[in-house]
Amino acid sequence: MKFFVDTADVAAIAELNALGMVDGVTTNPSLILKSGRDILEVTKEICSIVAGPVSAEVVSLKADEMIAEGRKLADIAPNITVKVPLTWDGLKACKVLSDAGHMVNVTLCFSANQALIAAKAGATFISPFIGRLDDINMDGLDLIADIRTIYDNYNFKTQILAASIRTVNHVTECARIGADVMTAPPEVIRKLASHPLTDAGLAQFLKDWEKTGQKIL
Ligand code: E4P
């Protein structure tokens, strides 16, 4: 499973990228707001750090305007993935932009039928939002599993980009189901390394080591 980091925080991206944890980046208008940066500037900086796909989201509602915005975003760097919402106009923009050779991430997906139609419109990535479904008492992971089955049934090439990941268990389950990619905030990626037994074991080892009176360096 590829790891994308869901942030426009350049310092966090650079730190995780240096560890080999970043196969790509996803941003959205809320994350751009959180960064306090200009979208074109910050996206260009992210693309200079990360070699993989970097999603930058359009903000218009009409297909023609989305296409124009998508082209402008795609001019930033060759690894830009244009992110469009899962609306009828978004699908039209997806088809035009993907036919023109751009990578397209169709976002705000909440049903298997939406994922099916995005694949038919040529999406490179489909972004089903797990956490936001969990928030309304539905099971976001069931959606990932349904899309996996449907895409495999018909050999669709669209990659499942599991989004709105809130917990480390979401990551485990996405890997178990076979999502192609997961995108998570930096803090969730960092938490993947934590385990209380690791902490307890390390504390015991260091206590015993101190008793030996030895030094390695
Ligand atoms: C990624 O592409 C999405 O925009 C993001 O994962 C949404 O996450 P949230 O539901 O935690 O805001």
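These numbers were taken from a predicted model, which means no experiment stands behind them.

Caption draft 1: Layout of the site of the ligand. In the region of the ligand, the neighbouring residues are Asp6, Thr26, Asn28, Lys83, Phe129, Arg132, Ala163, Ser164, Arg166 and Thr183. Contact between the ligand and arginine 132: an oxygen atom at 2.6 Å from a side-chain N or O atom of the residue. Protein contacts shield 85% of the accessible area of the ligand, which totals 350 Å² for the unbound molecule. Considered class by class, the residues forming the shell around the ligand number two nonpolar, four polar and four charged.

Caption draft 2: How the structure looks around a negative patch on the surface. A cluster of acidic residues, Asp134, Asp139, Asp142 and Asp146, forms a negative patch on the protein surface. Residue placement: aspartate 139 occurs in the loop between helix 7 (130–135) and helix 8 (140–154).

Caption draft 3: Structural context of the sheet that holds strand 1 (residues 2–6). Spatially, eight strands are ordered 1-2-3-4-5-6-7-8 in a closed barrel, and the strand pairing comes out parallel. Here the average twist between neighbouring strands, direction ignored, is 30°. Where helix 6 (residues 112–120) meets the sheet, it contacts strand 5 (103–109) and strand 6 (125–128), and its direction lies at approximately 165° from that of strand 5. Those strands touched by helix 8 are strand 5, strand 6 and strand 7 (159–162), and its axis lies near 175° from that of strand 7.

Caption draft 4: Inspection of unusual backbone geometry at higher detail. If you check the backbone angles, leucine 108 has positive phi at about 60° while not being a glycine. Tracing the chain through its elements places leucine 108 in strand 5. Note on leucine 108: relative accessible area 32%, which makes it partly exposed. One non-glycine residue, asparagine 137, adopts positive backbone phi at about 70°. Structurally, the position occupied by asparagine 137 is in the loop between helix 7 and helix 8.

Caption draft 5: Representation of the nonpolar core within the structure. Counting residues in each nonpolar core, the largest one holds 57 residues, and the members touching the most others are Ile80, Val84, Val106, Ile126 and Ile165. If you tally residues by element for this core, the top one is helix 8, at five residues. Look past the residues within four positions of valine 106 in its chain and what remains in contact with it is Val84, Pro85, Leu86, Cys94, Ala118, Ala123, Phe125, Ile126 and Ser127.

Caption draft 6: A look at helix 11 (residues 196–212). For helix 11, built from 17 residues, the straight-helix expectation of 24 Å at 1.5 Å per residue is met to within 8% by its first-to-last C-alpha distance of 25 Å. After helix 11 finishes, the residue glycine 213 shows a positive phi value of roughly 70°.

Caption draft 7: Region of interest: a nonpolar patch on the surface. Judged by side-chain polarity, Trp209, Ile216 and Leu217 come together as a nonpolar surface patch covering roughly 430 Å² of accessible area. Assignment of secondary structure puts leucine 217 in the segment after helix 11.

Caption draft 8: Expanded view of the pairing of strand 8 (residues 181–184). Burial of the side chains of strand 8 extends over both faces: Val181 and Thr183 are buried on one face and Met182 and Ala184 on the other. Pairing analysis gives four bridges linking strand 1 to strand 8, with the strands arranged parallel. Bridged to lysine 2 within strand 8 is valine 181. Inspection of the sheet shows strand 7 paired to strand 8 by two bridges, in the parallel sense. Its bridge partner lying in strand 8, alanine 162 is registered against methionine 182. Note on the crossover from strand 7 through helix 9 (residues 168–177) to strand 8: the handedness is right-handed.

Definitions and cut-offs
- Residues numbered from 1 in each chain as written.
- Predicted model: local features only at pLDDT ≥ 70, side-chain atom pairs only at ≥ 80, totals over all residues.
- Heavy atoms only, no water.
- Near = heavy atom within 4 Å.
- Polar contact = N/O pair within 3.5 Å; in protein donor to acceptor, adjacent residues only side chain to side chain.
- Areas by Shrake-Rupley, 256 points an atom, 1.4 Å probe, with all protein chains shown as cover.
- Nonpolar A, V, L, I, M, F, W, Y, C, P; charged D, E, K, R; others polar.
- Patch = residues over 30% accessible without salt bridge, like charges linked within 9 Å, V, L, I, M, F, W, Y side chains within 5 Å.
- Salt bridge = Lys/Arg side-chain N within 4 Å of Asp/Glu carboxyl O.
- Lys, Arg positive; Asp, Glu negative; His and termini not counted.
- Charge placed at Lys NZ, Arg CZ, Asp CG, Glu CD.
- Helix = DSSP H or I, 4+ residues; strand = E, 2+ residues; numbered from the N terminus.
- Pairing = 2+ DSSP bridges.
- Axes fitted to C-alpha atoms, helices over the stretch in contact; angles between N-to-C directions.
- Contact = heavy atoms within 4.5 Å.
- Buried < 20%, exposed > 50% of the residue type's maximum accessible area, 1.4 Å probe, protein only.
- Core = buried A, V, L, I, M, F, W, Y, C linked by side-chain atoms within 4.5 Å.
- Expected span 1.5 Å × (residues − 1).
- Right-handed = clockwise from strand over helix to strand, strands pointing away.

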